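Structural description and commentary
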Amino acid sequence: MIRLTRRYRFSASHRLDAPGLSADENRALYGKCNNPHGHGHDYALEVSVSGPVDAESGRVADVEALDALVREQVIGPFDHHDLNTEVPAFAALVPTTENLALEIRSRLAGRWSQLFPGRGPALDRIRIQETKRNRFELLN
Amino acid sequence: MLITRRADFSASHVCRLPRLSDEENRALYGAASNPHGHGHNYVIEVTLEGDPEPETGMVFDLKRLKDVLQREVVEPMDHRFLNLEVPPFDTVVPTTENLAIEVWRRIEPHLVSPRVRLHGVRVYETEDLYVDYFGGQS
């Protein structure tokens, strides 16, 4: 089994505030992350693909095509933006890094078969580091 | 238990298929197809899987692993042009994928013991691009 991983970075702001909870409950639950004015992070995103190595080209995936997809679906819409107000998925969904990972997977998966038709590589893993001290990983 | 040892070397390479034109190679491999080559500071992480030997408390002697890596990978590849100087890259394109498979092929025979098996080889071509190979069908 072989897996290729590409690392990307984007910086964005967010605020964690669950609509169903009171202001006090949100403060108690999310602490500093509930600051009404929001705050930001330099996110590091790893996208991993797996699949057979093409016998001639020696590659699992076209890395430039993967870069273009991630730029279009993630870096463009997220980098230097406010996730709560500028990314439609987070209008009603709390932009925790867990939800961010799920949203990124859904954005990439939605275009995957178009980008890699036929027996292309599989989207194998998404890992996001929100700060140096935490990271979140989605395995397929 | 998994234990990992890291090594690094610097080498040049070029990714191109002889049967394709310059333009086709550029479309396939991008900047990596420049016929004069270019280089990377490659970082390799080798991970072994096994249980610590009760007396020594070690899964595998990491000095031995270091020596195997040095002899089989770092010495033959460090400060070399992979395509010209390191077989099989005279005929196999030295992509990161193929490099990970080749590192596995070179070191695996030297790491056989009843207690331990080679779990994975990771090759970083840059900080932002790496490949993991776990053996078997690639």
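As the structure is a prediction and not an experimental result, all values here were calculated from the model.

Rules of the game
Residues numbered from 1 in each chain as written. Chains lettered and ligands numbered in written order. Predicted model: local features only at pLDDT ≥ 70, side-chain atom pairs only at ≥ 80, totals over all residues. Helix = DSSP H or I, 4+ residues; strand = E, 2+ residues; numbered from the N terminus. Buried ≥ 20, exposed ≤ 12 C-beta atoms within 10 Å, placed from the backbone. Contact = placed C-beta atoms within 7 Å. Expected span 1.5 Å × (residues − 1). Bend = angle between axes of the 7 residues up to and from the residue. Nonpolar A, V, L, I, M, F, W, Y, C, P; charged D, E, K, R; others polar. Pairing = 2+ DSSP bridges. pLDDT = per-residue confidence, 0-100.

A tally of regular secondary structure across chain A gives four helices and five strands. Reading chain A from its N terminus to its C terminus gives the helix and strand order β-α-β-α-β-α-α-β-β. Taking the principal axes of its C-alpha atoms as reference, chain A extends roughly 60 × 25 × 25 Å. Looking at chain A as a whole, 26% of its 140 residues qualify as buried. Considering only intrachain contacts with a sequence separation of at least 6, the fraction spanning at least 24 residues in chain A is 68%.

Residue and element names in this part refer to chain B. Here helix H2 (residues 62–77) is 16 residues long and its end C-alpha atoms lie 21 Å apart, about the 22 Å a rise of 1.5 Å per residue gives. The largest bend in H2 is about 45°, located at Gln70. Listed as buried for H2 are Leu65, Leu69, Val73 and Met77. With its phi angle positive at about 60°, His79 sits one or two positions after the end of H2.

What follows concerns the environment of A:Thr5. Counting through the fold element by element, A:Thr5 comes out in strand S1 (residues 2–14). Among the residues examined, A:Thr5 registers 20 C-beta atoms within 10 Å and is labelled buried. For the pair A:Thr5 and A:Arg127, spaced 122 residues apart in sequence, the C-alpha separation works out to 9.9 Å. Apart from residues no more than four positions distant in its own chain, A:Thr5 is found in contact with A:Glu46, A:Ser48 and B:Tyr130.

A separate point is the interface of chain B and chain A. Accessible area lost upon the coming together of the parts is a frequently used measure of interface size. Between chain B and chain A, the contact holds 19 residues from the first and 16 residues from the second. Contributing elements (two or more residues each) for the side of chain B that touches chain A: helix H4 (96–107) and strand S5 (129–133) of chain B. Per element, the largest residue contribution to the side of chain B that touches chain A is five residues, and it comes from S5(B). Taken together, the residues of the side of chain B that touches chain A sort by class into ten nonpolar, five polar and four charged.

Turning next to unusual backbone geometry. Residue and element names in this part refer to chain B. Cis geometry marks the peptide bond from Pro87 to Pro88, where omega comes out at 10°. With respect to the secondary-structure elements, Pro88 resides in the loop between helix H3 (82–85) and H4. Within the chain, His79 stands out as a residue other than glycine whose phi angle is a positive 60°. Its location among the elements puts His79 in the loop between H2 and strand S3 (80–81). On the basis of neighbour count, His79 is assigned to the exposed category, with 11 C-beta atoms found within 10 Å.

Residue and element names in this part refer to chain B. The element S5 is largely enclosed, with a buried count of four among its five residues. One ladder, built from five bridges, connects strand S4 (residues 116–126) with S5; its direction is antiparallel. Bridged to Tyr124 within S5 is Tyr130.

Overall, the prediction assigns chain A a mean pLDDT of 95, with 100% of residues at 70 or greater. At the low end of the mean pLDDT range in chain A sits helix H4 (residues 97–115) of chain A, at 95; at the high end sits S1(A), at 98.

As a further point, take the pairing of strand S2 (residues 38–50) of chain B. For a regular strand, side chains alternate in direction, first toward one face of the sheet and then toward the other. All names here are of chain B. Two strands pair when backbone bridges link them, and strand S1 (residues 2–13) and S2 are joined in this way by twelve bridges, in the antiparallel orientation. Residue pairing across strands places Ser12 opposite Gly39, the latter belonging to S2. For S2 and S4, the ladder comprises eight bridges, and the chain directions are antiparallel. For Val43, the partnering residue across the bridge sits in S4 and is Tyr124.

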